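So you can see what is in the structure, the chains are spelled out below.
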Amino acid sequence: MQGASRGGLIESRKALQGVLESGADWSAVSEDLFSVAGVIDGSATLRRALADPSRDAESKRGLVRRLLEGKVQPGTLDVLGAVASQRWSKARDLSDAVELLAVEAQVAMSESAGRADDVEEQLFRFERTVTGSPELREALSDPQLPAERKGQVVDQLLAGKAHPETRRLAHQAVVAGRGRKVSTAIEEYLSVAAARREQLSAVVTVASPLSQEQHDRLAAALGQTYGRPVLLKVVLDPQVVGGIRVQVGDEVVDGTIVTKLDAARRHFGA
């Protein structure tokens, strides 16, 4: 998001945090927000009305209350009122913000349960599984495949392997991806988690698993470099032969043997 929408999301997140700290049912608030994001997506008229910069904030709060009071949690009404009262560069940004707040509530739940790192790792692994299988990727993006069947596929993939928050976010990305690829939706969800937890994620590609000592040492070194905690997401790829490739955001340090061999071939070929 850019411009006014960025500021709108920041203020909306503050409203969500206030609701979470008030003792609201976090799961119910998250489900409400996911549902409302879908409703807004399905109604261009409602989307324009809520994002209309010519309408004052109070009238838009009133619209939210008239439409949703008694249908969602009181805390959800407060969050949506805050969202509607902000200025948005594009109407689509408003519905995007509602979904991202639902994701943040799920992340907050995982934090409270002490499993936030696990949820990020599981969600990352799920995305890699989908991306790495053309058949699975095509099936989950097939508009002809019923949403219920897609949800069943997610359940089968994650059964006994993932926390409730992981399963809920995976379901959202697959069944209600709002026109995005599954990988794109999950990348956005992971960005929400990283921002909330004020940490970075590093994708580490190696030929064989890191020992716990190597894992901890690399995480500590990256944390010192970037000045904040870094969560490692380790990808095993035998084709790299040896060495390590680390990507943090757009920054890549590639010390894999296969890359060095490629560079040597190019050098001597030249």
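For the structure, see preceding data.
On a predicted model such as this, the values are computed, not experimentally measured, just so you know.

Q: So, the overall build of the chain: which residues are in play, and what are the values?
A: For the chain, the count of helices and strands is 13 helices and 4 strands. The contacts of the chain with a sequence gap of at least 6 include a subset with a gap of at least 24, amounting to 69%. With an accessible surface of roughly 14,100 Å², the chain has 52% of that area assigned to carbon and sulfur atoms. One finds the centroid of the 35 positive side-chain charges in the chain at a distance of 4 Å from the centroid of its 37 negative side-chain charges.

Q: If you had to explain the environment of Glu127 to someone new, which residues and values would you point to?
A: As for its position among the elements, Glu127 is in helix α7 (residues 116-131). Classification of Glu127 as buried rests on a relative accessible area of 10%. Considered as a pair, Glu127 and Ser183 are 56 residues apart in the sequence and their alpha carbons are 5.7 Å apart. Contact partners of Glu127, with chain neighbours within four places excluded, come to Ser183 and Ile186. There is a polar contact of 2.6 Å between the side chain of Glu127 and the side chain of Thr131.

Q: Explain helix α6 (residues 91-112) to me, using residue names and the numbers behind them.
A: Between its first and last C-alpha atoms α6 spans 33 Å; for 22 residues at 1.5 Å apiece the expected length is 32 Å, and the two agree. A positive phi of about 75° marks Gly114, the residue just after α6.

Q: Could you give an account of the sheet that holds strand β2 (residues 230-236), naming the residues involved and the relevant values?
A: Pairing within the open sheet is mixed, and its 4 strands lie in the order β2-β1-β3-β4. The outermost strands of the open sheet, each flanked by one partner alone, are β2 and β4 (251-254). Each strand of the sheet is rotated relative to its neighbour by a mean of 15°, with strand direction disregarded. Bridge count between strand β1 (residues 200-206) and strand β3 (residues 244-248): 5 bridges; the pairing is antiparallel. For Thr205, the partnering residue across the bridge sits in β3 and is Arg245. Sitting on the sheet, α7 is in contact with β1 and β2, with an inclination near 30° to β2.

Q: Tell me about the pattern of salt bridges, residues and numbers included.
A: Evaluated as defined, the whole model comprises 16 salt bridges. When the shortest N-O distance is used, the salt bridge between Glu104 and Arg13 registers 2.9 Å. Here Glu104 is found in helix α6, whereas its partner Arg13 is found in helix α1 (residues 4-21), with 91 residues between them in sequence. Of the residues examined, Arg13 reaches a relative accessible area of 28% and is grouped as partly exposed. Look at the salt bridges and you will find they share partners, linking Asp41, Arg92, Asp96, Glu99, Arg178, Arg180 and Glu188 into a network.

About the cut-offs
Residues numbered from 1 in each chain as written. Predicted model: local features only at pLDDT ≥ 70, side-chain atom pairs only at ≥ 80, totals over all residues. Heavy atoms only, no water. Helix = DSSP H or I, 4+ residues; strand = E, 2+ residues; numbered from the N terminus. Contact = heavy atoms within 4.5 Å. Areas by Shrake-Rupley, 256 points an atom, 1.4 Å probe, with all protein chains shown as cover. Lys, Arg positive; Asp, Glu negative; His and termini not counted. Charge placed at Lys NZ, Arg CZ, Asp CG, Glu CD. Buried < 20%, exposed > 50% of the residue type's maximum accessible area, 1.4 Å probe, protein only. Polar contact = N/O pair within 3.5 Å; in protein donor to acceptor, adjacent residues only side chain to side chain. Expected span 1.5 Å × (residues − 1). Pairing = 2+ DSSP bridges. Axes fitted to C-alpha atoms, helices over the stretch in contact; angles between N-to-C directions. Salt bridge = Lys/Arg side-chain N within 4 Å of Asp/Glu carboxyl O.

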